[in-house]
Amino acid sequence: MSQPVRTRFAPSPTGYLHVGGARTALFNWLYAKHHGGSFVLRVEDTDEARNTEEARAAIFEGLEWLGLDWEGPGNEGQCGPYYQSQRGEIYEEWFEKLREAGRVYQDDGAWRFRFERKAVTMHDLVCGEVTIDYRDESNTPDMVVRRSDGSFVFHYVNVVDDLTMGITHAIRGEDHLMNTPKHLQLFEAFGSAPPAYAHIPLILNGDGSKMSKRDEGAALGDYPKLGYTAEAVVNFLALLGWSPKDEQEIFSTAELIEKFTLESVNRSPARFDPEKCRWVNQQHLLKMPAEDFVTACQSEATPAMLLSIQEKVSLLNEVPEAVAFYLQDDYPFDPEALTKVQGNALAGPLLKTLSETFAKLEDWTLAKASIAETAKAQGAKPGQLMFPLRVALSGKSGGPDLGAILEILGQAECVRRLTHFTTLL
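In this report, we go over the structure that sits alongside the text. (Residues numbered from 1 in each chain as written. Predicted model: local features only at pLDDT ≥ 70, side-chain atom pairs only at ≥ 80, totals over all residues. Heavy atoms only, no water.)

**Thoughts on the overall build of the protein**
Phase 1: Broken down by element type, the protein carries 18 helices and 12 strands.
Phase 2: For 425 residues, the compact-globule formula gives about 22 Å, and the C-alpha radius of gyration of the protein, at 30 Å, lies well above that figure.
Phase 3: Its C-alpha atoms put the protein at 100 × 45 × 40 Å along the principal axes.
Phase 4: Expressed as a percentage of its 425 residues, the buried residues of the protein come to 48%.
Phase 5: A fraction of 71% describes how many contacts in the protein between residues 6 or more apart in sequence connect residues 24 or more apart. (Helix = DSSP H or I, 4+ residues; strand = E, 2+ residues; numbered from the N terminus. Rg over C-alpha atoms; globule rule 2.2 N^0.38 Å. Buried < 20%, exposed > 50% of the residue type's maximum accessible area, 1.4 Å probe, protein only. Contact = heavy atoms within 4.5 Å.)

This is how it looks when you write it as structure tokens:
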């Protein structure tokens, strides 16, 4: 029986959670979930000088917001994560194995790992075969695994952690690709099988430059503040380097788990497109059940008001402005839209007549139909009245369906707004 899949994400708490790190975590999580396995969170916090509590909290909050649940040793009834700073005894124990086997030696106070002088080939699940020739000692000097101050280096603790935690698949950024042959030599020295490695492509900006922490969209913590939904961001991150066999682009998290494979991870770098991210979010908002959308908006507006603008917003932080005209008696008018209406000589008379028609209606459900009838009676086309009416009722040139606006505002308020607006023409 094959070993259950076990993946891991191993961030350092030295800064905010970057979208590149979030995508790495997501790919590991999706792969584990797809195979019914487990996903481990391991905090590489041995750099005490650079670690911060804020960065640690940002990592946890970001993963929790995305919905990436993890496994760990357990802490006061909660699950994980592992902390490298708490694993010193384990590192000492495995270091002794290397020392007893004669695979490490001291050099100016530090300890170096003695490479076997041979060619090492790794079989990467994304990049294919990669070979490093260790026979040339001048190009591949023995590796420091323990500094002169007694602390262990990344390469060593990374291998010991993967070994002792039973990691079966290490999915990480392509920038680690050349480290892997070093790790394979350590696994071999310990007499243990390494995990399968998959190095995923880098994320580039639209102009082809490598995405840095200062670039637009880099900080995962900004996304909830900007009004993105977690499931939309998960969807977008998955598309940065992975694609399904068909043309589908909008996925629920459950669909991503079902479809995700390493065979479908692209070899070429991914391009970050902020507009594509907004579009993906808009598609998720459109698909949201009415009750979920209303809850997500966290607005004082009524459900009817909110649902009328569901198709009009790309981000949740656009909702307050989109529904503001419903809630304000003295709502502002878009200057360009107002100027356009004022330049239409028919607008004033048409709106005045419509206001009188609205006031006389005994059945308000007939309000929208009366717009075309009023325009026709005045020798105008319905479109010549609908735009001025929209601006009169909302102050805007676009927005919810006119029928929805009429229904939500009600007869008395629509008449009041029309009467006020005609004084501006």
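**Section: the pairing of strand E6 (residues 119-124)**
Phase 1: Burial along E6 is one-sided: the residues Val 120, Met 122 and Asp 124 are buried and none of Ala 119, Thr 121 and His 123 is.
Phase 2: The hairpin turn running from E6 into strand E7 (residues 128-133), its antiparallel successor, is 3 residues long. (Pairing = 2+ DSSP bridges.)

**Notes on the sheet that holds strand E8 (residues 143-146)**
Phase 1: Taken in spatial order, the 3 strands line up as E4-E5-E8 in an open sheet, and their pairing is antiparallel. The strands lining the two open edges of the sheet, one partner per strand, are strand E4 (104-107) and E8. Within this sheet the neighbouring strands show an average axis-to-axis angle of 45°, counted without direction. (Axes fitted to C-alpha atoms, helices over the stretch in contact; angles between N-to-C directions.)

**Some remarks on helix H7 (residues 230-238)**
Phase 1: For H7, the buried fraction is high: 8 of the 9 residues fall into the buried class.
Phase 2: Of all the positions in H7, only Ala 230, Ala 232, Val 233, Val 234, Asn 235, Phe 236, Leu 237 and Ala 238 are classed as buried.
Phase 3: Taken together, the buried residues of H7 touch helix H1 (19-34), helix H2 (53-66), helix H6 (222-226), helix H8 (253-259) and helix H9 (274-287).

**Some details on the side chain of Asn 235**
Phase 1: Relative to the helices and strands, Asn 235 is located in helix H7.
Phase 2: Given a relative accessible area of 0%, Asn 235 falls into the buried group.
Phase 3: Residues within four places of Asn 235 in sequence aside, it is in contact with Glu 249, Ile 250, Phe 251, Leu 256, Val 280 and His 284.

**Remarks on the packing of aromatic side chains**
Phase 1: For the structure shown, the criterion picks out 20 aromatic pairs.
Phase 2: A ring pair is formed by Phe 113 and Phe 115, whose centres lie 5.7 Å apart and whose planes are at 90°; its orientation type is edge-to-face. Assigned by exposure class, Phe 113 and Phe 115 land together as buried.
Phase 3: Through pairs of rings, three or more aromatic residues link up here, namely Tyr 91, Trp 94, Phe 95, Trp 111, Phe 152, Tyr 156 and Phe 190.
Phase 4: Taking the ring centre of Phe 95 as reference, the NZ or CZ of Arg 146 above it sits at 5.1 Å.
Phase 5: Positioned above the aromatic ring of Phe 387 is the side chain of Lys 340, whose terminal nitrogen or guanidinium carbon lies 4.5 Å from the ring centre. (Phe/Tyr/Trp six-rings, centres within 6.5 Å; stacked < 30°, edge-to-face > 60°. Lys NZ or Arg CZ within 6 Å of the ring centre and 35° of its normal.)

**Considerations on the packing of helix H16 (residues 382-394) against helix H17 (residues 402-409)**
Phase 1: At a closest axis distance of 11 Å, the pairing of H16 and H17 adopts a crossing angle of 40°. Here H16 is positioned oblique relative to H17, judged by the angle of their axes. As for the relative orientation of H16 and H17, their crossing is left-handed in sense. Only Leu 402, Ile 405, Leu 406 and Leu 409 of H17 make contact with H16, whose side of the interface consists of Met 386, Leu 389, Arg 390 and Leu 393.
Phase 2: Of the residues assigned to the contact of H16 with H17, the class counts are 7 nonpolar, no polar and 1 charged. (Parallel < 35°, antiparallel > 145°, perpendicular 65-115°, else oblique. Left-handed = near helix turned anticlockwise from the far one by under 90°. Nonpolar A, V, L, I, M, F, W, Y, C, P; charged D, E, K, R; others polar.)

**Some thoughts on the sheet that holds strand E2 (residues 38-43)**
Phase 1: The 3 strands are arranged E1-E2-E3 in an open sheet whose pairing can be described as parallel. At either margin of the open sheet sits one strand with a lone partner, and together these are strand E1 (6-9) and strand E3 (82-83).
Phase 2: In terms of strand pairing, E2 meets E3 through 2 bridges, oriented parallel. Considered in E3, the bridge of Arg 42 is made with Tyr 82.
Phase 3: Set on the sheet, H2 makes contact with E1, E2 and E3; between it and E2 the angle comes to about 165°.

**Examining helix H14 (residues 347-360)**
Phase 1: With 14 residues, H14 ought to run about 20 Å at 1.5 Å a step, and its terminal C-alpha atoms sit 20 Å apart, in line with that.
Phase 2: Of the residues making up H14, those classed as buried are Ala 347, Gly 348, Leu 350, Leu 351, Leu 354, Ser 355 and Phe 358. Along the axis of H14, the buried positions cluster into a sector of 160°, meaning they face one direction only.
Phase 3: Residues of H14 that are buried make contact with helix H13 (335-342), helix H15 (367-377), H16, H17 and helix H18 (411-422). (Expected span 1.5 Å × (residues − 1). Arc of directions from axis to C-beta.)

**Thoughts on the pairing of E2**
Phase 1: Within E2, 6 of the 6 residues are buried, leaving the element largely enclosed by the surrounding structure.
Phase 2: Burial along E2 is two-sided: Ser 38, Val 40 and Arg 42 and Phe 39, Leu 41 and Val 43, pointing in opposite directions, are all buried.
Phase 3: Sheet topology places E1 next to E2; 4 bridges connect them, and they run parallel. Each residue of the ladder has a partner; that of Arg 6, found in E2, is Ser 38.

**Considerations on the side chain of Arg 103**
Phase 1: Tracing the chain through its elements places Arg 103 in the loop between helix H3 (88-100) and E4.
Phase 2: Residue Arg 103 is classed as buried on the basis of its relative accessible area of 13%.
Phase 3: In this structure, Arg 103 is in contact with Leu 98, Arg 112, Phe 113, Arg 114, Phe 115, Glu 116, Gln 185 and Ala 189, ignoring residues within four places of it in sequence.

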